[in-house]
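# Tertiary structure, described
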Amino acid sequence: MSLTNAFYPLMIVNKSRRVAFSTASLLKMAPEAEERKIVHDMFLNTLDTNTVSFRSRVLPHNSVWMEDAKLKGLEICHPQQRNIFNRIFGGFLMRKAYELGWATACSYGGSRPYVVAVDDIMFQRPVELGSLLFLSSQVCYTENNYIQIRVHSEVSDPITREHHTTNIFHFTFMAEEEVPRIVPKTYGESMLYLDGKRHFDAVVQTKNGQNV
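Residues numbered from 1 in each chain as written. Predicted model: local features only at pLDDT ≥ 70, side-chain atom pairs only at ≥ 80, totals over all residues. Heavy atoms only, no water.

### Things to note about the environment of I159
- Considering the arrangement of structural elements, one finds I159 in the loop between β5 (146-156) and β6 (163-174).
- Judged by its relative accessible area of 74%, I159 falls in the exposed class.
- The spacing of I159 and S131 is 28 residues in sequence and 9.2 Å in space, taken between C-alpha atoms. (Helix = DSSP H or I, 4+ residues; strand = E, 2+ residues; numbered from the N terminus. Buried < 20%, exposed > 50% of the residue type's maximum accessible area, 1.4 Å probe, protein only.)

### Quick look at the nonpolar core
- Grouped together as the largest cluster of nonpolar side chains are 35 residues, with contacts concentrated most on I147, I149 and F171.
- Considering each element in turn, this core owes the most residues, eight residues, to helix α4 (residues 90-109).
- Filtering out sequence-adjacent residues up to four positions away, I149 remains in contact with G101, T104, A105, S137, Q138, V139, C140, F169, H170, F171 and F173. (Core = buried A, V, L, I, M, F, W, Y, C linked by side-chain atoms within 4.5 Å. Contact = heavy atoms within 4.5 Å.)

### Focus on the sheet that holds strand β3 (residues 114-118)
- One open sheet accounts for five strands, arranged β2-β4-β5-β6-β3; its pairing is antiparallel. Of all the strands in the sheet, just β2 (70-76) and β3 have a single pairing partner and so form its edges. For this sheet, the mean inter-axis angle between neighbouring strands, taken without regard to orientation, is 30°.
- The pairing of β5 with β6 spans eleven bridges and is antiparallel. From the neighbouring strand, S156 faces β6, where its bridge partner is H163. (Pairing = 2+ DSSP bridges. Axes fitted to C-alpha atoms, helices over the stretch in contact; angles between N-to-C directions.)

### Points about the pattern of salt bridges
- For the structure on display, the rule yields six salt bridges.
- Of the charged contacts in the structure, one is a salt bridge between K37 and D41, with a shortest N-O distance of 2.8 Å. Placement of the pair is K37 and D41 together in helix α3 (residues 33-45), with a separation of four residues, close to one helical turn.
- Looking at K37, the relative accessible area reads 52%, which means it is exposed.
- We classify D41 as partly exposed; its relative accessible area is 35%. (Salt bridge = Lys/Arg side-chain N within 4 Å of Asp/Glu carboxyl O.)

Set out below in structure tokens:
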């Protein structure tokens, strides 16, 4: 069985949920009141009580700064990975994103994780042959022994030097033991944290609805 076919049972094929995520995107709307409180509480929990300064931040026990929980990769898009339309096969992109996401979760959790869910995947634009494919994997949310990974896929034309996002993948992994808590430091990282929490909560709700 190919990796692409193996992903199908794990994908959350839910059009209404995808539309809801797009409509309520943190790039379009401010966080909800409960989410703002989560971010504020995390911020207060990282303040240095000795200095009481906004610039002095202290990492809580058993935690990791979000900026220290990422991996990057580069792929050259060779003709061997092309599809019938003479573009890069989508399954190749999925596999590379999954591999980097898995490596990130493995490095973060300190054990070999297994995938719990793969979010609904939408290909925003095709990837041309000869392009440079940049992949950035980030731990964006953790809970107990779950690790939520976001992989940003960006393609660059080496001739025109134009950069375009092709995909954003969301993977939910489970480690063997409880993992450190991921902590954002900047506002942008806080939005990634909330976005990761939203995707993780959606996975939990879906599995509860299926009595898994």
